[in-house]
Amino acid sequence: MIPLAAQVGGHPGVQTTEDGSLLLKPAVPLEIEFYQRVVSESGLVHLRPFVPKFFGTLRLEGKVETTEIDEPLVTDEGVLKVTPIDGSLVLENLVHGFTKPSVIDIKLGTIFYEDSATPEKRARMEKAALETTSFETGVRLTGFQVYTNDSPDPILTRKEYGNSIKSSQLSEGIARFFPVSSPSTPSAGLPRHLLLPILRSLREDVAEIRETLEGVDMRMIGGSLLIVYESDWTRAEEAVKLYELENDSEEMEAENDVEITAGEDNDGEDEDIEDEDEEEDLPVPPYTVKLIDFAHTRLMPGHGPDQGVLMGIGTLLKLLDGRIQEVDKMT
Ligand code: ADP
Ligand code: MN
């Protein structure tokens, strides 16, 4: 077991398997329950693409307790892929396969205590939200790491930065996480022609996450969006091409239209099989964005969506739009 190198926030203790594909996080009952319900309840099917794959929990030494799993925990040779640690949640490691993963943990929401919290805890958490960007905007930059093109190690920005900035400085923070190569700072970040399609496609995914969460009755306390993108120029270039990310959003829509029309001739079944094959063959994408950290998330039918989380995602959409415009204007 190896500590997760790309851990940018939260409590220490997140580990990965030796091959880096799986993540082991100390499990708490609420988080286990959340993942179990997401994989088993049809009403939560829309959330599945936006959370890490769940492989089950590890309980007693040597014994793997799985619920519905995406993939066996044993290799073809019957060897257990992970060393069991008592009481761990086994998840997909979202950073796996990236050469230079730039990673940000963005904490969502405005309320960081549960209904059962003592008045003291409630007051403390309200103060923390008020003193940071959380209360006003529903987001806080918990921590991030960014690779430049000329260094083998990432630059880490710790939570103190996100805790100290004003709401008006969030756009600066986002610009720091998505630096762009320019004539004066050639190795600062990805070149514009790669960063732009990544930002545009990411923005659409975040919009989809918002639409999905509008239909889920939950209270997500202390949860985050984890964004990962490839900062290695060569691999980013390959991945952007393979995933056919277009540089211009209008072009993207036009192409999608053509694809949908062309696809109508096939019957649906073939298409599904094709899609699955594609997914298996395709290497790691140029970026990924998922909701993480459900240690204090409760599904609450009848209570409506989490408004603080929705506000945070709205803030992030505006920040991404702003960054897209800035980068777009550069030549
Ligand atoms: P905590 O309850 O300690 O905040 P999190 O679930 O937020 O735990 O995880 C802490 C950190 O670990 C995150 O900020 C992120 O850097 C990393 N992390 C968590 N889940 C994943 C994942 N599925 N893939 C990659 N990194 C992850
Ligand atoms: Mn966290």
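The structure presented is a predicted model; accordingly, all values stated were derived computationally and were not measured.

Cut-offs applied
- Residues numbered from 1 in each chain as written.
- Chains lettered and ligands numbered in written order.
- Predicted model: local features only at pLDDT ≥ 70, side-chain atom pairs only at ≥ 80, totals over all residues.
- Heavy atoms only, no water.
- Buried < 20%, exposed > 50% of the residue type's maximum accessible area, 1.4 Å probe, protein only.
- Helix = DSSP H or I, 4+ residues; strand = E, 2+ residues; numbered from the N terminus.
- Pairing = 2+ DSSP bridges.
- Salt bridge = Lys/Arg side-chain N within 4 Å of Asp/Glu carboxyl O.
- Polar contact = N/O pair within 3.5 Å; in protein donor to acceptor, adjacent residues only side chain to side chain.
- Contact = heavy atoms within 4.5 Å.
- Phe/Tyr/Trp six-rings, centres within 6.5 Å; stacked < 30°, edge-to-face > 60°.
- Lys NZ or Arg CZ within 6 Å of the ring centre and 35° of its normal.
- Near = heavy atom within 4 Å.
- Areas by Shrake-Rupley, 256 points an atom, 1.4 Å probe, with all protein chains shown as cover.
- Nonpolar A, V, L, I, M, F, W, Y, C, P; charged D, E, K, R; others polar.
- Expected span 1.5 Å × (residues − 1).

### Observations regarding the pairing of strand E11 (residues 224–230)
Item 1. Where burial is concerned, most of E11 is hidden: seven out of the seven residues are buried.
Item 2. With burial as the criterion, each face of E11 is covered, one bearing Ser224, Leu226, Val228 and Glu230 and the other bearing Leu225, Ile227 and Tyr229.
Item 3. Summarising the sheet, strand E7 (residues 101–108) and E11 pair through seven bridges and their orientation is antiparallel. When the sheet's bridge partners are listed, serine 102 is paired in E11 with tyrosine 229.
Item 4. Alignment of E11 against strand E12 (residues 287–292), held across six bridges, turns out to be antiparallel.

### Quick notes on the pattern of salt bridges
Pairing between side chains becomes possible if they bear opposite charge and their charged atoms approach one another.
Item 1. Here the structure, examined in full by the defined rule, presents 12 salt bridges.
Item 2. Note that arginine 200 is salt-bridged to aspartate 328, the shortest N-O span being 3.5 Å. Of this pair, arginine 200 sits in helix H6 (residues 192–214) while aspartate 328 sits in helix H10 (residues 307–329), placing them 128 residues apart in sequence.
Item 3. Residue aspartate 328 is classed as partly exposed on the basis of its relative accessible area of 36%.

### Some remarks on the side chain of serine 21
Item 1. Turning to its location among the elements, serine 21 is positioned in the loop between strand E2 (15–16) and strand E3 (22–26).
Item 2. A polar atom in the side chain of serine 21 sits 2.9 Å from the side chain of aspartate 19.
Item 3. Sequence-distant contacts of serine 21, that is, excluding residues within four places in its chain, are made with Leu91, Glu92, Asn93 and His96.

### Quick look at the pairing of strand E8 (residues 139–146)
Walk down a regular strand and you will see the side chains alternate between the two sheet faces.
Item 1. Most of E8 sits inside the fold, with eight of its eight residues counted as buried.
Item 2. Of the pairings in the sheet, the one linking E8 to strand E9 (residues 155–157) comprises three bridges and is antiparallel in character. Looking across to E9, one finds that phenylalanine 144 is bridged to threonine 157.

### Description of the packing of aromatic side chains
Item 1. Inspection of the entire model under this criterion finds nine aromatic pairs.
Item 2. Ring centres of tyrosine 35 and phenylalanine 54 lie 5.4 Å apart, and the angle between their planes is 20 degrees; this geometry places the pair in the stacked category. Here tyrosine 35 is found in helix H1 (residues 29–40), whereas its partner phenylalanine 54 is found in strand E4 (residues 54–58), with 19 residues between them in sequence. Like tyrosine 35, the residue phenylalanine 54 is buried in the burial classification.
Item 3. On the numbers, 5.1 Å between centres and 20 degrees between planes, the contact of phenylalanine 178 with tyrosine 229 is stacked. Note that phenylalanine 178 is positioned in the loop between helix H5 (170–177) and H6 and tyrosine 229 in strand E11, a separation of 51 residues in sequence.
Item 4. Feature note: the residues Phe144, Tyr161, Phe177, Phe178 and Tyr229 constitute an aromatic cluster, connected by ring pairs.
Item 5. Just above the ring of tyrosine 161 sits the side chain of arginine 176; from NZ or CZ to the centre is 4.1 Å.

### What about the site of ligand 1?
Item 1. Around ligand 1, a shell composed of 18 residues is seen, among which His11, Lys25, Leu94, Asp105 and Asp293 lie nearest.
Item 2. One of the backbone nitrogen or oxygen atoms of valine 8 is found 2.9 Å away from an oxygen atom of ligand 1.
Item 3. One of the backbone nitrogen or oxygen atoms of glutamate 92 is found 2.9 Å away from a nitrogen atom of ligand 1.
Item 4. Within the complex, 95% of the 550 Å² of free accessible area of ligand 1 lies under protein.
Item 5. Each residue belonging to the shell around ligand 1 can be placed in one class, and the counts come to nine nonpolar, five polar and four charged.

### A word on H10
Side chains three or four residues apart in an α-helix point the same way, a direct result of the helix having 3.6 residues per turn.
Item 1. An ideal rise of 1.5 Å per residue puts 33 Å on 23 residues; H10 measures up with 33 Å between its terminal C-alpha atoms.
Item 2. Of the residues flanking the start of H10, the one acting as N-cap is aspartate 306, its side-chain oxygen 3.1 Å from the backbone nitrogen of glycine 308.

### Quick look at the side chain of threonine 137
Item 1. Tracing the backbone through its elements, the reader meets threonine 137 in helix H3 (residues 134–137).
Item 2. The buried category is assigned to threonine 137, whose relative accessible area is 9%.
Item 3. Ignoring any residue separated from it by four or fewer positions in sequence, one finds threonine 137 in contact with Ser167, Leu170, Met311, Gly312 and Thr315.

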